[in-house]
Amino acid sequence: MSASVNIRRTTTRDIRSRKQGEVIVALTAYTTPIAKLLDPHCDLLLVGDSLGMVMYGMETTLGVTLDMMIAHGAAVMRGARRACVIVDMPFGSYQESPEQAFRNAARIMAETGASGIKIEGGTEMAETVAFLSQRGIPVLGHVGLMPQSVNVAGGFRAAGISEIEAARVLADARAIADASAFAIVIEGTVEPVVREITEAVDVPTIGIGASPTCNGQILVTDDLLGLFSDFTPRFVKRYAELGDDISKAAASYAADVKARRFPEAKHCFHRKAVTS
Ligand code: KIV
């Protein structure tokens, strides 16, 4: 029996139970090798549609397709053995109707093997969240700053600043929790509102640009590693500067190749000596 047989994957039910208990550690992952590295340290890995910006150089997440999410979701599942893997539904794949959402979410579940999906939206998506949950698809909600609504919001701006907006974000979170989301991501929302939401809903809140009072925390992995530097939101803490390391490595390689220091004899294949 191999050691891997004994590893138990964290379920959406486990995540749900963290409303009381240990803080939820979450990060984004888009590829197999990164998922392998993050898996021992994370309760939840999100295959976020942020991959459109981080990996594909898009300006927003709106151009991400279902096929892209499925390909990256399957890649992450090949690397993660213990974390609960959740795949984002991309823009246009779920907003039309609960039936459209189910059809596309079912494809994600079947073709990636992930444990659930995430959708952005509040009261307007509550019916869809309930529809999916009742049909076997665990849903991670996402309220506050919602990148897929960037054109309506007029940019990537913090949510909940005015009283009216604060009340809307709170109502959104309540609606999604009541519709049976197993947890809710709160992004880019002012601190007192986030605390109020976390106290008001009975499912865990997972913050990004939110509050230490959340039941969990998530960041875009490339931001914390210093790999994505087009734009660094103020809520990001850098834990490494891999972008600089990659530049330095590429410069050293280029210098070695130009100076003919690489490849050396030990990097080449040689005919074995013929023995008689
Ligand atoms: O797409 C993503 O990476 C996300 C996180 C920022 C929560 O939605």
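Residues numbered from 1 in each chain as written. Predicted model: local features only at pLDDT ≥ 70, side-chain atom pairs only at ≥ 80, totals over all residues. Heavy atoms only, no water.

## Details of the overall build of the protein
Consideration 1: On a plain count of helices and strands, the protein comes out with eleven helices and eight strands.
Consideration 2: The dimensions of the protein, computed from C-alpha atoms along their principal axes, are 85 × 45 × 35 Å.
Consideration 3: Looking at the protein residue by residue over its 276 residues, the buried ones come to 49%.
Consideration 4: Long-range pairs, those at least 24 residues apart, make up 58% of the contacts in the protein between residues at least 6 apart in sequence.
Consideration 5: Total accessible area computed for the protein in this model is approximately 14500 Å², and 55% of it derives from carbon and sulfur atoms.
Consideration 6: Measuring between centres, the 28 positive side-chain charges of the protein sit 10 Å from its 31 negative side-chain charges. (Helix = DSSP H or I, 4+ residues; strand = E, 2+ residues; numbered from the N terminus. Buried < 20%, exposed > 50% of the residue type's maximum accessible area, 1.4 Å probe, protein only. Contact = heavy atoms within 4.5 Å. Areas by Shrake-Rupley, 256 points an atom, 1.4 Å probe, with all protein chains shown as cover. Lys, Arg positive; Asp, Glu negative; His and termini not counted. Charge placed at Lys NZ, Arg CZ, Asp CG, Glu CD.)

## Let's talk about the sheet that holds strand E3 (residues 84-88)
Consideration 1: Taken together, eight strands build a closed barrel; the order of strands is E1-E2-E3-E4-E5-E6-E7-E8 and the barrel is parallel. The mean angle between the axes of side-by-side strands here comes to 25 degrees, regardless of whether they run parallel or antiparallel.
Consideration 2: Examined bridge by bridge, strand E5 (residues 139-144) and strand E6 (residues 183-187) share five bridges and lie parallel to one another. In the sheet register, His 142 faces E6, and the bridge partner there is Val 185.
Consideration 3: Relative to strand E4 (residues 116-118), helix H5 (residues 98-112) is tilted by about 130 degrees, and along the sheet it contacts E3 and E4.
Consideration 4: Where helix H8 (residues 163-178) meets the sheet, its contacts fall on E5 and E6, and the angle it forms with E5 comes to roughly 170 degrees. (Pairing = 2+ DSSP bridges. Axes fitted to C-alpha atoms, helices over the stretch in contact; angles between N-to-C directions.)

## A few points about the side chain of Gln 100
Consideration 1: The residue Gln 100 is located in helix H5 in this model.
Consideration 2: Given a relative accessible area of 7%, Gln 100 falls into the buried group.
Consideration 3: Beyond its immediate stretch of four places on either side in the chain, Gln 100 contacts Gly 92, Ser 93, Tyr 94 and Gln 95.

## Re the packing of aromatic side chains
Consideration 1: Inspection of every chain in the model, using the stated rule, returns one aromatic pair.
Consideration 2: The positively charged end of Arg 135 is found above the aromatic ring belonging to Phe 131, 3.6 Å away from the centroid. (Phe/Tyr/Trp six-rings, centres within 6.5 Å; stacked < 30°, edge-to-face > 60°. Lys NZ or Arg CZ within 6 Å of the ring centre and 35° of its normal.)

## Some thoughts on the packing of H5 against helix H6 (residues 126-133)
Consideration 1: For the pair H5 and H6, the least separation of the axes is 9 Å and the interaxial angle reads 45 degrees. One element, H5, and the other, H6, form an angle in the oblique class. Between H5 and H6 lies a crossing of right-handed hand. Mapping the contact onto sequence places Pro 98, Glu 99, Ala 101, Phe 102 and Ala 105 in H5 and Glu 127, Thr 128, Phe 131 and Leu 132 in H6.
Consideration 2: Classifying every residue of the contact of H5 with H6 by side-chain character gives six nonpolar, one polar and two charged. (Parallel < 35°, antiparallel > 145°, perpendicular 65-115°, else oblique. Left-handed = near helix turned anticlockwise from the far one by under 90°. Nonpolar A, V, L, I, M, F, W, Y, C, P; charged D, E, K, R; others polar.)

## Some thoughts on the site of the ligand
Consideration 1: Every residue near the ligand is listed here: Thr 28, Leu 46, Gly 48, Asp 49, Ser 50, Asp 88, Lys 118, His 142, Val 185, Glu 187 and Ile 208.
Consideration 2: At 2.5 Å from an oxygen atom of the ligand is found a side-chain nitrogen or oxygen belonging to Ser 50.
Consideration 3: Alone, the ligand offers 260 Å² of accessible surface; in the complex the protein occludes 96% of this.
Consideration 4: Looking at the shell around the ligand residue by residue, the class counts come to three nonpolar, four polar and four charged. (Near = heavy atom within 4 Å. Polar contact = N/O pair within 3.5 Å; in protein donor to acceptor, adjacent residues only side chain to side chain.)

## Points about helix H9 (residues 191-200)
Consideration 1: Listing the buried residues of H9 in full gives Val 193, Val 194, Ile 197 and Thr 198. Projected onto a plane normal to the axis of H9, the buried residues spread over an arc of 135 degrees and lie on a single side. Residues of H9 that are exposed and point more than 90 degrees away from the buried face comprise Pro 192 and Glu 199.
Consideration 2: Contacts made by the buried residues of H9 are with H8, E6 and strand E7 (205-208). (Arc of directions from axis to C-beta.)

## As for the nonpolar core
Consideration 1: Among the nonpolar cores identified, the biggest contains 77 residues, and Leu 45 and Ile 117 are the most heavily contacted of them.
Consideration 2: Counting residues per element, this core draws most heavily on H8, which supplies seven residues.
Consideration 3: In this structure, Ile 117 is in contact with Ile 86, Val 87, Met 89, Ala 105, Ile 108, Met 109, Leu 132, Ile 137, Pro 138, Val 139 and Leu 140, ignoring residues within four places of it in sequence. (Core = buried A, V, L, I, M, F, W, Y, C linked by side-chain atoms within 4.5 Å.)

## As for the pairing of E5
Consideration 1: Most of E5 is tucked away: six of the six residues are buried.
Consideration 2: Where E4 and E5 come together, two bridges link them in parallel fashion. Opposite Ile 117, over in E5, you have Val 139 as the bridge partner.

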